[in-house]
Amino acid sequence: MSKVLRAFQKQEHAIRKIVAKYRSNIADIDEVTQDVFLTAFALEQREPVHAPEHLLFRIAKHLAIDEARRKINKTSLSLEDSVDLAAYADERQFSPERILDGRQKFLIFTEAAGS
């Protein structure tokens with residue numbers, strides 16, 4: 001049996017606690033915990049692992065942090081994407097000519113609508 005598998009079975013609860021510090025959703029904790037094992041196991045296939053528990057804990061922390069960052073970046077939108085900035089525009093940032101033109105167009109529209 002692999003050292004990583006034995007260490008994972010022994011420390012799964014502790015690994016889940018590490019992941020839970022950064023992720024609160026049970027599905028996320030399950031997914032990251034599984035990724036911890038798979039990452040460590042793949043590493044063990046390439047080279048000998050001398051401290052499998054330490055390796056699992058480090059991987060758990062790093063993957064949990066990475067997943068948290070990914071979720072934040074995925075769900076956050078920029079202000080330009082989510083709000084019509086024209087609705088909050090300050091008239092002072094437009095030239096006087098543009099303001100006058102807008103007012104004239106508005107007057108024409110209100111006169112046409114009132115007829």
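Above this text is the structure in question.
All figures in this text were calculated on a predicted structure; none of them were measured in a lab. (Residues numbered from 1 in each chain as written. Predicted model: local features only at pLDDT ≥ 70, side-chain atom pairs only at ≥ 80, totals over all residues. Heavy atoms only, no water.)

K.L.:
I'd like to hear about the overall build of the chain, residue by residue, with values.
P.N.:
Along its length, the chain carries 5 helices and 0 strands. The N-to-C order of helical and strand elements in the chain reads α-α-α-α-α. For the chain, the residues scored as buried account for 23% of the 115 residues in total. Considering only intrachain contacts with a sequence separation of at least 6, the fraction spanning at least 24 residues in the chain is 65%. When the accessible area of the chain is evaluated, it comes to approximately 8,900 Å², of which 55% is carbon and sulfur surface. (Helix = DSSP H or I, 4+ residues; strand = E, 2+ residues; numbered from the N terminus. Buried < 20%, exposed > 50% of the residue type's maximum accessible area, 1.4 Å probe, protein only. Contact = heavy atoms within 4.5 Å. Areas by Shrake-Rupley, 256 points an atom, 1.4 Å probe, with all protein chains shown as cover.)

K.L.:
An account of the nonpolar core is needed here, citing residue identities and associated values.
P.N.:
Counting 17 residues, the largest nonpolar core has V4, I15, V19, V36, A40, L56 and A60 as the members making the most contacts within it. Elements with a contribution of two residues or more to this core: α1 (3-20), α2 (26-46) and α3 (52-75). It is α1 that provides the largest number of residues to this core, a total of 6 residues. Those residues within four positions of V19 in sequence are excluded, and the remaining contacts are I29, V32, T33, A60 and A64. (Core = buried A, V, L, I, M, F, W, Y, C linked by side-chain atoms within 4.5 Å.)

K.L.:
Any details on α2? Residues and values, ideally.
P.N.:
Helix length check: α2 (21 residues) gives 31 Å between terminal C-alpha atoms against 30 Å at 1.5 Å per residue, within 8%. Those residues of α2 that sit buried are D28, I29, V32, T33, V36, F37, A40 and E44. Measuring from the backbone nitrogen of A27 back to the side-chain oxygen at the start of α2 gives 2.8 Å, which picks out N25 as the cap. (Expected span 1.5 Å × (residues − 1). Polar contact = N/O pair within 3.5 Å; in protein donor to acceptor, adjacent residues only side chain to side chain.)

K.L.:
Tell me about the packing of α1 against α2, and name the residues and values.
P.N.:
Two quantities define a packed helix pair, namely the angle between the axes and the distance from one axis to the other. Close contact between α1 and α2 brings their axes to 10 Å; oriented N to C, the two are set at 145°. In terms of crossing hand, the pair formed by α1 and α2 is right-handed. Contacts between α1 and α2 involve K3, V4, L5, F8, E12, I15, R16, V19 and A20 from the former and I29, D30, V32, T33, V36, F37, A40, F41 and E44 from the latter. A breakdown of the residues in the contact of α1 with α2 according to their chemical character gives 12 nonpolar, 1 polar and 5 charged. (Axes fitted to C-alpha atoms, helices over the stretch in contact; angles between N-to-C directions. Left-handed = near helix turned anticlockwise from the far one by under 90°. Nonpolar A, V, L, I, M, F, W, Y, C, P; charged D, E, K, R; others polar.)

K.L.:
So what's going on with the packing of aromatic side chains? Residues and values would help.
P.N.:
Going through the model one piece at a time under the given rule, you end up with 2 aromatic pairs. Relative to F37, the ring of F8 lies with its centre 5.2 Å away and its plane at 50°, an arrangement referred to as tilted. Residue F8 is found in helix α1, and its partner F37 is found in helix α2; the two are separated by 29 residues along the sequence. Residue F8 shares its accessibility class with F37, and that shared class is buried. (Phe/Tyr/Trp six-rings, centres within 6.5 Å; stacked < 30°, edge-to-face > 60°.)

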